[in-house]
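For reference, the chains in residue letters:
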Amino acid sequence: MSAQAPSAVILIRAERFVPNPATAADNAFQRDIPSGQSEDATSSKALAEMDALAQALRDAGVRVHVFRDEDHTRPDSVFPNNWLSTHAGGYVAVYPMYASNRRHERRADVLEMLKSDYRTQTIVDYSGLEPDGIFLEGTGAMVLDHVSRVAYMAVSHRADTHVLERFCSDFSYEPMAFEAVDSDGVPVYHTNVLACVGTDVALIALEMIPDEQRREQVRERLTVNGRTVVELTEQQIRDFAGNAVELCGRTPEGKRRYIMAMSGRARRSLRPDQVAVIEESCEIVSVDIPTIELAGGSVRCMIAGIHLDRRPQASEVELTEAVEAINEEHPTTPDGQDVAEADVES
């Protein structure tokens, strides 16, 4: 499995999706529902877009876990990467959320799936920081370089440097925080709309980092291991070109296939030379999600990558000769309760 590009993902099929009014104040990318379009119509369009993304990822050979969400009080639940991240070695992190109506997006059934299907040993929960007004919205607030162990973060209401330091200490990352603003001076609300870090290529709008010295430090840190940087414009960021994610799929023959997943709008915003650089290392897979993008997030926001080793399935476990011999002689072994009941009956 690639350190940077997970081969499995979690998607939430949010059946009551609408742009969240509680997040509109500090999300400059968020838009209202088109005039005359009902919330039911909006939800239906968004569902079709979620299903299209799930199918496109499956077609690329990525393992996709889809969880239904029928709760109308969780309009942003389609973006699970804000409350959850997973890490090599069996580690899972749960994060504090800025908007109060997003805090119950955290789901025990998702965590239980991870524990049952993947090798997990520790869940680190930062959500207890919410009453203190301190937030770090997962891999929305941070863009993680899993190869060089760097956590990039644009500081905002949703991305606190104190929690970043704590996360980096717990998970062994180097923190790299910076200010990032648009041409109107509005802070970028989530780092993952500004930047995407892949194995051999990174997409980032360095021009939106006003401090020239910090800008060059970020550029240098991104390229230190030979990674190519594709510089995006602010307009491309508004078209969600930075909100992409590298994944590891499989061809029908079982060969590894690296893809860069992004929206159709993001793909169309890229210049041919930028596309050429990206496709030197991974194939672009794009899906049109205009309804979901009304909420101010795009494909990267919809994907919680699984950087965990998969547990072997029952059919995949190879039995030793000794165990096989026992199974042949006693194909089913009663548990203690069965034995006790048998004694009573006799």
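Our subject is the structure listed above.
The text that follows walks through the structure, step by step, so that each part is easy to find. Computed from a predicted model, the values in this text were never measured in an experiment.

### A short note on the pairing of strand S4 (residues 91-94)
Thinking step 1. Pairing analysis gives four bridges linking strand S3 (residues 84-87) to S4, with the strands arranged antiparallel. Paired with Thr86 across the two strands is Val92, which belongs to S4.
Thinking step 2. Counted along the chain from S3 to the antiparallel partner S4, the turn is three residues long, and its residue Gly89 has a positive phi close to 95 degrees.
Thinking step 3. Taken together, the four bridges between S4 and strand S5 (residues 122-125) define a ladder with parallel strand orientation. In the sheet register, Val92 faces S5, and the bridge partner there is Ile123.

### What to know about unusual backbone geometry
Thinking step 1. Of note in this structure, Arg149 is not a glycine but carries a positive phi near 60 degrees.
Thinking step 2. In this fold, Arg149 is placed in the loop between strand S6 (142-145) and strand S7 (150-154).
Thinking step 3. What makes Arg149 partly exposed here is its relative accessible area of 31%.
Thinking step 4. A positive phi angle, near 60 degrees, is found at Ser172, a position not held by glycine.
Thinking step 5. By the secondary structure assignment, Ser172 is in the loop between helix H4 (161-171) and strand S8 (174-178).

### A closer look at the nonpolar core
Thinking step 1. Counting 40 residues, the largest nonpolar core has Leu203, Val218 and Met260 as the members making the most contacts within it.
Thinking step 2. Elements that contribute at least two residues to this core include exactly S7, S8, strand S9 (195-197), strand S10 (201-204), helix H5 (212-223), strand S11 (228-231), strand S13 (256-263) and helix H8 (272-278).
Thinking step 3. The leading source of residues in this core is S10, at four residues.
Thinking step 4. Once you skip the residues sitting within four places of it in the chain, Leu203 turns out to touch Leu194, Ala195, Cys196, Val230, Leu232, Ala241, Ala244, Met262 and Ile278.
Thinking step 5. Of all hydrophobic cores here, the second largest spans 29 residues; its members include Ala56, Ala261, Val285 and Met302.

### With respect to the sheet that holds strand S1 (residues 8-14)
Thinking step 1. Overall, mixed pairing links the three strands, which are arranged S2-S1-S15 in an open sheet. The sheet is open, and its two borders are formed by strand S2 (63-69) and strand S15 (304-305), each paired with just one other strand.
Thinking step 2. When S1 meets S15, the two strands line up antiparallel, connected through two bridges. Of the residues in S15, the one forming a bridge with Val9 is Gly305.
Thinking step 3. Those strands touched by helix H1 (residues 39-59) are S1 and S2, and its axis lies near 165 degrees from that of S1.
Thinking step 4. Where helix H2 (residues 108-117) meets the sheet, it contacts S1 and S2, and its direction lies at approximately 150 degrees from that of S2.

### Let's talk about the pattern of salt bridges
Thinking step 1. One pass over the structure, following the stated rule, counts 25 salt bridges.
Thinking step 2. A salt bridge links Arg158 to Asp26; the nearest nitrogen and oxygen atoms lie 2.7 Å apart. Of this pair, Arg158 sits in the loop between S7 and H4 while Asp26 sits in the loop between S1 and H1; the two residues are 132 residues apart in sequence, bridging distant segments of the chain.
Thinking step 3. For Arg158, a relative accessible area of 2% puts it in the buried group.
Thinking step 4. By relative accessible area, Asp26 is classed as buried at 14%.
Thinking step 5. Between Asp273 and Arg271 there is a salt bridge, with its nearest N and O atoms 3.0 Å apart.
Thinking step 6. Through salt bridges with shared partners, a single ionic network connects Arg13, Glu15, Asp51, Arg68 and Glu70.

### A closer look at the pairing of S11
Thinking step 1. In terms of strand pairing, S10 meets S11 through four bridges, oriented parallel. Each bridged residue has a counterpart across the sheet, and for Val201 the counterpart in S11 is Thr228.
Thinking step 2. Between S10 and its parallel partner S11, the chain crosses via H5, and the hand of that crossover is right-handed.

### Comments concerning the packing of aromatic side chains
Thinking step 1. Summed over all chains, the structure comprises eight aromatic pairs.
Thinking step 2. Ring geometry for Tyr91 and Phe171: centres 6.3 Å apart, planes at 80 degrees, overall edge-to-face. A residue pair is termed long-range when its members are at least 10 positions apart, and Tyr91 in strand S4 and Phe171 in helix H4 qualify at 80 residues.
Thinking step 3. Note on Tyr91: relative accessible area 32%, which makes it partly exposed.
Thinking step 4. Residues Tyr95 and Phe167 carry aromatic rings whose centres are separated by 6.3 Å and whose planes lie at 45 degrees to one another, so their mutual orientation is tilted. One end of the pair, Tyr95, is in the loop between S4 and H2; the other, Phe167, is in helix H4, with 72 residues separating them in the sequence. The same class applies to Tyr95 and to Phe167, which are both buried.
Thinking step 5. Grouping aromatic residues by their ring pairs yields a cluster made of Tyr91, Tyr95, Tyr126, Phe167, Phe171 and Tyr173.
Thinking step 6. It is Arg149 that lies over the ring of Tyr173; its NZ or CZ is 4.0 Å from the centre.

Rules and cut-offs
- Residues numbered from 1 in each chain as written.
- Predicted model: local features only at pLDDT ≥ 70, side-chain atom pairs only at ≥ 80, totals over all residues.
- Heavy atoms only, no water.
- Pairing = 2+ DSSP bridges.
- Helix = DSSP H or I, 4+ residues; strand = E, 2+ residues; numbered from the N terminus.
- Buried < 20%, exposed > 50% of the residue type's maximum accessible area, 1.4 Å probe, protein only.
- Core = buried A, V, L, I, M, F, W, Y, C linked by side-chain atoms within 4.5 Å.
- Contact = heavy atoms within 4.5 Å.
- Axes fitted to C-alpha atoms, helices over the stretch in contact; angles between N-to-C directions.
- Salt bridge = Lys/Arg side-chain N within 4 Å of Asp/Glu carboxyl O.
- Right-handed = clockwise from strand over helix to strand, strands pointing away.
- Phe/Tyr/Trp six-rings, centres within 6.5 Å; stacked < 30°, edge-to-face > 60°.
- Lys NZ or Arg CZ within 6 Å of the ring centre and 35° of its normal.

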